[in-house]
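# Results of the structural survey
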Amino acid sequence: MTMQPDHLYVITGATGQIGRKLVRHLLQEGQKVRAIGRDPNKLKPLSDLGAEPFLGNLEDVSAITQAFSGAQAVFTMIPPNTAVENLRAYQSKVSEVYTAALKTTRVPYVLNLSSVGAHLKESAGLISGLHDNEERLNNLEGLNVLHLRPCFFMENLFSFIDLINQRGVIGSPLDGNIFLPMIATADIADVAADLLLKLAFTGKSVRELLGHRDVTMNQLAALIEKEIKNKSLHYVQWPPAQVEAGLIQNGMSQDVARLMVEMQVGMNKGIIKPNENRSPQNTTPTSLEEFIRTVFLPTYHLSQPPAPVAA
């Protein structure tokens, strides 16, 4: 049973990978949606579909309180900010704004986007900031909150395109032989939409999402190699310090780069891993092969130089 359309859903991060898919899904179900974002140009396609656009800074408690006003349910997430000098402070600020706005508006339901590994207070890189956010939301009395903890996004593969084009490799600090769950953001949005339409969760709870299956980075490279027909493509595990320096050189702040690498080292050590065994409840439908063919390849082909024109 879905909620009646006289209920209002408020979506933070509405122009991001998950948020915009979630907004569209709810609108297709005839629901009222308020989409929060900072860029009017990115919000316009959603408002054209029928969403109520709300321009607001997630660090502005007055604006976010206004945005949450009248909502039956809110989808919360802390958007990435790769340039911020102190990532944990930024995450805490957004989290504090959310909790203050929820206290004032008394929204009854919150679906919070978190991450596998968010049970860890420390040593999980940027994920530990999501742990703090979970704790703040859990401390709000009278709030029904479900924390969605998805795994490694398949969309992270886009960050490898320049490496493939320039060096013919895929590289990161991750051990190429450890098995990792990977998920398409479309599947996260589908699960989120279903949970919001039903609003059957009560109290404080957690749900992990583990994608279609676990794969290694070596297997990932082989799958991409097959699709792009690059016989030399392979995976390289780089030293953490080298990756951190490269991230900083590409514009990421030193703190964010450090926490990003800490997260990947934590995956190698088995610190950051799912708390649940794989089951039909936490397995999602999009396979890595399907994602590479239908989502990754079109973006990859757009990055290729045009073929020379014959004289």
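Residues numbered from 1 in each chain as written. Predicted model: local features only at pLDDT ≥ 70, side-chain atom pairs only at ≥ 80, totals over all residues. Heavy atoms only, no water.

## Digging into the overall build of the chain
The helix and strand inventory of the chain stands at eleven helices and twelve strands. Rg of the C-alpha trace for the chain: 20 Å, near the compact-globule value of 19 Å for 311 residues, within the 12% margin. Each of the three principal axes of the chain carries a C-alpha extent, and together these read 60 × 50 × 40 Å. Taking the contacts inside the chain whose residues are at least 6 apart along the sequence as the reference set, 77% of them involve residues at least 24 apart. Here the chain displays about 14700 Å² of accessible surface, and carbon together with sulfur accounts for 51% of that area. (Helix = DSSP H or I, 4+ residues; strand = E, 2+ residues; numbered from the N terminus. Rg over C-alpha atoms; globule rule 2.2 N^0.38 Å. Contact = heavy atoms within 4.5 Å. Areas by Shrake-Rupley, 256 points an atom, 1.4 Å probe, with all protein chains shown as cover.)

## Digging into the sheet that holds strand 11 (residues 214-215)
Backbone hydrogen bonds hold the strands of a sheet together, and the pairing may be parallel or antiparallel. Taken together, three strands build an open sheet; the order of strands is 7-9-11 and the sheet is mixed. Of all the strands in the sheet, the pair left with one neighbour each is strand 7 (152-153) and strand 11. (Pairing = 2+ DSSP bridges.)

## Section: the sheet that holds strand 4 (residues 73-76)
The seven strands lie next to each other as 3-2-1-4-5-6-10, forming an open sheet whose pairing is parallel. At either end of the open sheet lies a strand with only one pairing partner, and these are strand 3 (52-55) and strand 10 (204-209). Strand-to-strand, the axes of this sheet are offset by a mean angle of 20°, without reference to chain direction. Two strands pair when backbone bridges link them, and strand 4 and strand 5 (residues 109-113) are joined in this way by four bridges, in the parallel orientation. Looking at strand 5, one finds that Ala-73 is bridged to Tyr-109. Packed onto the sheet, helix 1 (residues 17-28) meets strand 1 (8-11), strand 2 (32-37), strand 4 and strand 5 and runs at close to 165° relative to strand 1. (Axes fitted to C-alpha atoms, helices over the stretch in contact; angles between N-to-C directions.)

## A closer look at the layout of surface pockets
The calculated volume of the second largest pocket comes to roughly 170 Å³. Lining the second largest pocket are Leu-102, Lys-103, Arg-106, Val-107, Pro-108, Leu-140, Glu-141, Gly-142 and Leu-143. The class makeup of the residues in the lining of the second largest pocket is five nonpolar, one polar and three charged. (1 Å grid on protein atoms, 1.4 Å probe; cavity = no way out; pocket = protein on both sides within 12 Å on 5 of 7 lines; lining within 4 Å. Points joined across faces, edges and corners; volume = space filled by probe spheres on them. Nonpolar A, V, L, I, M, F, W, Y, C, P; charged D, E, K, R; others polar.)

## Observations concerning the packing of aromatic side chains
Using the criterion set out here, one finds five aromatic pairs in the structure. Arranged with centres 6.1 Å apart and planes meeting at 15°, the rings of Phe-296 and Tyr-300 form a pair that is stacked. With Phe-296 and Tyr-300 both in helix 11 (residues 288-302) and four residues apart, the pair spans about one turn of that helix. Given the relative accessible area of 0%, Phe-296 is considered buried. An aromatic cluster of at least three residues, connected via ring pairs, comprises Phe-158, Phe-291, Phe-296 and Tyr-300. (Phe/Tyr/Trp six-rings, centres within 6.5 Å; stacked < 30°, edge-to-face > 60°. Buried < 20%, exposed > 50% of the residue type's maximum accessible area, 1.4 Å probe, protein only.)

## Details of the environment of His-301
Its place among the elements puts His-301 in helix 11. The class for His-301 is partly exposed, based on a relative accessible area of 47%. Here the alpha-carbon distance between His-301 and Lys-121, two residues 180 residues apart in the chain, equals 40 Å.

## Thoughts on the pattern of salt bridges
Summed over all chains, the structure comprises ten salt bridges. Of the charged contacts, one joins Glu-289 and Arg-213 as a salt bridge, the two residues approaching to 2.9 Å between their closest N and O atoms. Note that Glu-289 is positioned in helix 11 and Arg-213 in the loop between strand 10 and strand 11, a separation of 76 residues in sequence. For Arg-213, a relative accessible area of 29% corresponds to the partly exposed category. Counted as one network, the salt bridges with shared partners bring together Arg-88, Glu-122 and Asp-132. (Salt bridge = Lys/Arg side-chain N within 4 Å of Asp/Glu carboxyl O.)

## Notes on the packing of helix 9 (residues 240-249) against helix 10 (residues 254-268)
Where helix 9 contacts helix 10, the axes come no closer than 9 Å and their chain directions differ by 145°. Of the two elements, helix 9 crosses helix 10, and the hand of that crossing is right-handed. Across the interface between the two elements, Pro-240, Val-243, Glu-244, Leu-247 and Ile-248 from helix 9 touch Gln-254, Ala-257, Arg-258, Met-260, Val-261 and Val-265 from helix 10. (Left-handed = near helix turned anticlockwise from the far one by under 90°.)

## Thoughts on the nonpolar core
As a rule of thumb, soluble globular proteins bury nonpolar side chains together. By size, the foremost hydrophobic cluster in this structure holds 71 residues, and its most contacted members are Phe-68 and Ile-224. In this structure, Ile-224 is in contact with Leu-157, Ile-164, Ile-170, Leu-233, Ile-292 and Phe-296, ignoring residues within four places of it in sequence. Residues Val-23, Ala-35, Ala-73 and Leu-197 belong to the second largest nonpolar core, which totals 36 residues. (Core = buried A, V, L, I, M, F, W, Y, C linked by side-chain atoms within 4.5 Å.)

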